[in-house]
Amino acid sequence: MAGYVVVGSQWGDEGKGKVVDLLGSKVNLVVRFQGGNNAGHTVVVNGKKTILHLLPSGILNQDALCIIGPGVVINPFVLLKEMETLESEGCTCNHVRISDRAHLLMPYHVYLDELQEQRAGSKKIGTTKNGIGPCYADKYTRIGIRVCDLRDWDVFCEKLQTVLDIKNEEIVKIYNGKPFDYEEMVESFKAIREKLVPMIIDATDKVDQALEEDKVVLFEGAQANMLDINYGTYPYVTSSSPTTAGVLEGVGVSFRHLKRIIGVVKAYSTRVGEGPFVTEQLNEFGESLRETGGEYGATTGRPRRCGWLDLPVVKQACKINGLTDIALTKIDILTGYEKLPVCVGYDINGKYYETVPASLKDYAAAKPVYKEFDGWTEDITNITEFDKLPVNCQKYIRFIEDYCKTDIALVSTGPERNANIILKDLI
Ligand code: GDP
Ligand code: IMO
Ligand code: MG
């Protein structure tokens, strides 16, 4: 009975896709538990880059069953397109299943996301405009349409009619937008229903059975702790729980099954969208991290905001997720800097903190307290043993481990699947 969790420990884009793919050959099931196609998870194998949005990053491993779990919001059109693209590249998707309890992300969610952001103007969240917030809002308002409703066409049509009346009123009266046509939407779902229905399963039961049979199940998080609806920099967050707690509620699995919880940590910080970012470097350092690190959104293509490593953020992720291990990525990108500042705390109005405050006003006032490390110049991309890393690089890595009181099990030194220093077998 072994469940393994991979979660983001900063603001997303830490390299979760790479870590999940790496572990993919050792697992029987890979399960996404929250979020939707706001995620962009990159996997690079033999120079070929694949970006996954809804499909679990275990997909390239044909032996693992890939499940989109109950806590995910599924845009079925995006899902089928993603599968079609992969299949055209020779990767079969027969091993994809979707949870009957997952909510359908509808065209009006995408449109409302865009209208809401437009209306918010300078106060916008900077969402991926994929309808994530509006879909989760409907789920909790209890007017969502679920995947299981696709099985029963009458139920689906009836629900759609009721909710579309409400949505169209909102679109027209509040946002002065263009309403959706019910018949057209019904037709578009009719056209894809046949493809989706055979993929629908009771995912909670499937995962439970697998764990009972001593199979290895990997739960793949999207987004990250600082984008968590409860613990992130609210309201500049996503609308789900990308944490270990999100696995429990988003799959319906007991914490007793979780053996290791792996937090992916990028060796520096990035953020896409609006919201506070204490160590952001709006200067040549930020620009060089962006260029060397290829820090452009895998989903929206937006340039990512870049800055130095913020350890209070990572430590918060360790605590909230109960991380047993850290997978440290992109350390290779830090090669060539003379000095590497690492934020170890915040000065907020004259007081020292090592925790992230709830109030955005306080967080906006936070000044980073840095510990400065000497850099290294050697190319580290082909190194596979920790002791062969430049000493200054080793010191940088060990400091993260000490500060966070969490073992670093893996150091990733490049985007390729096998560019790693394995310090501890994760599975
Ligand atoms: P995710 O959303 O957490 O899966 O991360 P993204 O895929 O959005 O962004 C991570 C980016 O860094 C991708 O382009 C990866 O291919 C790349 N990457 C992952 N690990 C490493 C690494 O150790 N070094 C370098 N140079 N690139 C990496
Ligand atoms: P992965 O899984 C980085 C950010 C958006 C925005 C906020 C809310 O690739 O790490 P949403 O569309 O979710 O309502 O947007 O969250 N965001 C991400 N940032 N990586 C992601 O996913 C993200 N998913 C959402 O930029 O600031
Ligand atoms: Mg990403």
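Everything quoted here is computed from the prediction, not taken from an experiment. (Residues numbered from 1 in each chain as written. Chains lettered and ligands numbered in written order. Predicted model: local features only at pLDDT ≥ 70, side-chain atom pairs only at ≥ 80, totals over all residues. Heavy atoms only, no water.)

## Some remarks on the overall build of the protein chain
- When helices and strands are tallied, the protein chain shows 12 helices and 20 strands.
- At 21 Å, the protein chain has a C-alpha radius of gyration in line with the 22 Å of a compact globule built from 427 residues.
- Counting only C-alpha atoms and orienting by the principal axes, one finds that the protein chain spans roughly 65 × 50 × 40 Å.
- Residues classed as buried in the protein chain amount to 57% of the 427 residues present.
- Of the contacts formed within the protein chain by residues at least 6 apart in sequence, a portion of 75% connects residues at least 24 apart.
- Working note: accessible area of the protein chain is about 17,900 Å², and carbon and sulfur atoms make up 49% of it. (Helix = DSSP H or I, 4+ residues; strand = E, 2+ residues; numbered from the N terminus. Rg over C-alpha atoms; globule rule 2.2 N^0.38 Å. Buried < 20%, exposed > 50% of the residue type's maximum accessible area, 1.4 Å probe, protein only. Contact = heavy atoms within 4.5 Å. Areas by Shrake-Rupley, 256 points an atom, 1.4 Å probe, with all protein chains shown as cover.)

## Focus on the site of ligand 2
- Lining the immediate surroundings of ligand 2 are 20 residues, of which Lys 16, His 41, Thr 128, Gln 223 and Thr 238 lie closest.
- In the complex, 97% of the free accessible area of ligand 2, which totals 550 Å², lies under the protein chains.
- For the shell around ligand 2, the residue count by class is 7 nonpolar, 10 polar and 3 charged.
- Counting contributing residues per domain, the shell around ligand 2 is built from domain 1 (2-91 + 202-422) and domain 2 (103-199), each supplying no fewer than three. (Near = heavy atom within 4 Å. Nonpolar A, V, L, I, M, F, W, Y, C, P; charged D, E, K, R; others polar. Domains from an automatic or database assignment.)

## With respect to the pattern of salt bridges
- Under the counting rule described, the total for this entry stands at 23 salt bridges.
- Notably, a salt bridge pairs Asp 21 with Arg 417, separated by 2.7 Å at the nearest N-O pair. Pair noted here: Asp 21 is in helix α1 (residues 16-24) and Arg 417 is in the loop between β19 (407-412) and β20 (420-422), with a separation of 396 residues, a long-range link.
- Since its relative accessible area comes to 29%, Arg 417 is described here as partly exposed. (Salt bridge = Lys/Arg side-chain N within 4 Å of Asp/Glu carboxyl O.)

## Considering the site of ligand 1
- Looking at ligand 1, there are 20 residues lining it, with Lys 16, Gly 17, Thr 42, Asp 332 and Ser 412 nearest.
- In the environment of ligand 1, an oxygen atom lies 3.0 Å from a nitrogen or oxygen atom belonging to the side chain of Asp 13.
- Glu 14 places a polar main-chain atom, nitrogen or oxygen, 3.1 Å from an oxygen atom of ligand 1.
- In isolation ligand 1 offers 580 Å² of accessible surface; the protein chains occlude 93% of this area.
- Contributing elements (two or more residues each) for the shell around ligand 1: α1 and β3 (41-45).
- A breakdown of the residues in the shell around ligand 1 according to their chemical character gives 4 nonpolar, 9 polar and 7 charged. (Polar contact = N/O pair within 3.5 Å; in protein donor to acceptor, adjacent residues only side chain to side chain.)

## Considerations on the packing of helix α2 (residues 76-88) against helix α6 (residues 182-196)
- Where α2 meets α6, the axes come as close as 11 Å, and the angle between the chain directions of the two elements is 55°. Here α2 is positioned oblique relative to α6, judged by the angle of their axes. Judged by the twist between their axes, the crossing of α2 over α6 is left-handed. On the side of α2, the interface is formed by Pro 76, Phe 77, Leu 79 and Leu 80, while α6 contributes Ser 188, Phe 189, Ile 192, Lys 195 and Leu 196.
- In terms of residue class, the contact of α2 with α6 is built from 7 nonpolar, 1 polar and 1 charged. (Axes fitted to C-alpha atoms, helices over the stretch in contact; angles between N-to-C directions. Parallel < 35°, antiparallel > 145°, perpendicular 65-115°, else oblique. Left-handed = near helix turned anticlockwise from the far one by under 90°.)

## Notes on the pairing of strand β5 (residues 65-68)
- The two faces of β5 match: Leu 65 and Ile 67 on one face and Cys 66 and Ile 68 on the other face are all buried.
- Pairing between strand β2 (residues 29-32) and β5: 4 bridges, direction parallel. Considered in β5, the bridge of Leu 29 is made with Leu 65.
- Inspection of the sheet shows β5 paired to strand β7 (residues 96-99) by 3 bridges, in the parallel sense. Along β7, the bridge assignment pairs Cys 66 with Val 96. (Pairing = 2+ DSSP bridges.)

## Section: the coordination of the magnesium ion (ligand 3)
- Taken together, Asp 13 (OD) and Gly 40 (O) make up the full set of protein donors to the magnesium ion (ligand 3), lying 2.1 to 2.2 Å away. Taken together, the residues span a long stretch of sequence, with Asp 13 in the loop between β1 (2-8) and α1 and Gly 40 in the loop between β2 and β3 at a distance of 27 residues.
- Of the residues examined, Asp 13 reaches a relative accessible area of 23% and is grouped as partly exposed.
- Owing to a relative accessible area of 11%, Gly 40 belongs among the buried residues under this scheme. (Donors = N, O, S within 2.8 Å, 3.2 Å for Na, K, Ca; no water.)

## Quick notes on the domain arrangement of the protein chain
- Splitting the protein chain by domain gives domain 1 (2-91 + 202-422) and domain 2 (103-199).
- Computed over C-alpha atoms, the centres of domain 1 and domain 2 are 29 Å apart.
- Taken together, the 28 residues of domain 1 in the interface contact 25 residues of domain 2.
- Where domain 1 abuts domain 2, roughly 2,000 Å² becomes buried across the two surfaces, and 64% of that area is made up of carbon and sulfur atoms.
- If you look at where domain 1 meets domain 2, you find 1 salt bridge. (Buried area = accessible area lost by both parts, 1.4 Å probe.)

## Observations concerning the pairing of strand β11 (residues 258-266)
- Along β11, 8 of the 9 residues are buried, which leaves the element largely enclosed by surrounding structure.
- Relative to β11, β1 runs parallel, the two being bridged by 6 bridges. Paired with Val 6 across the bridge in β11 is Ile 262.
- Here 5 bridges tie β11 to strand β15 (residues 325-329), and the two strands are oriented parallel to one another. Bridged to Lys 266 within β15 is Thr 329.

## Description of helix α4 (residues 132-141)
- Those residues of α4 not exposed but buried are Ile 132, Pro 134, Cys 135, Tyr 136 and Asp 138.
- Here the buried face of α4 lies against β6 (73-74), β8 (103-104), α3 (107-120) and α5 (153-174).
- Of the residues flanking the end of α4, it is Arg 142, one or two places downstream, whose phi is positive at about 70°.

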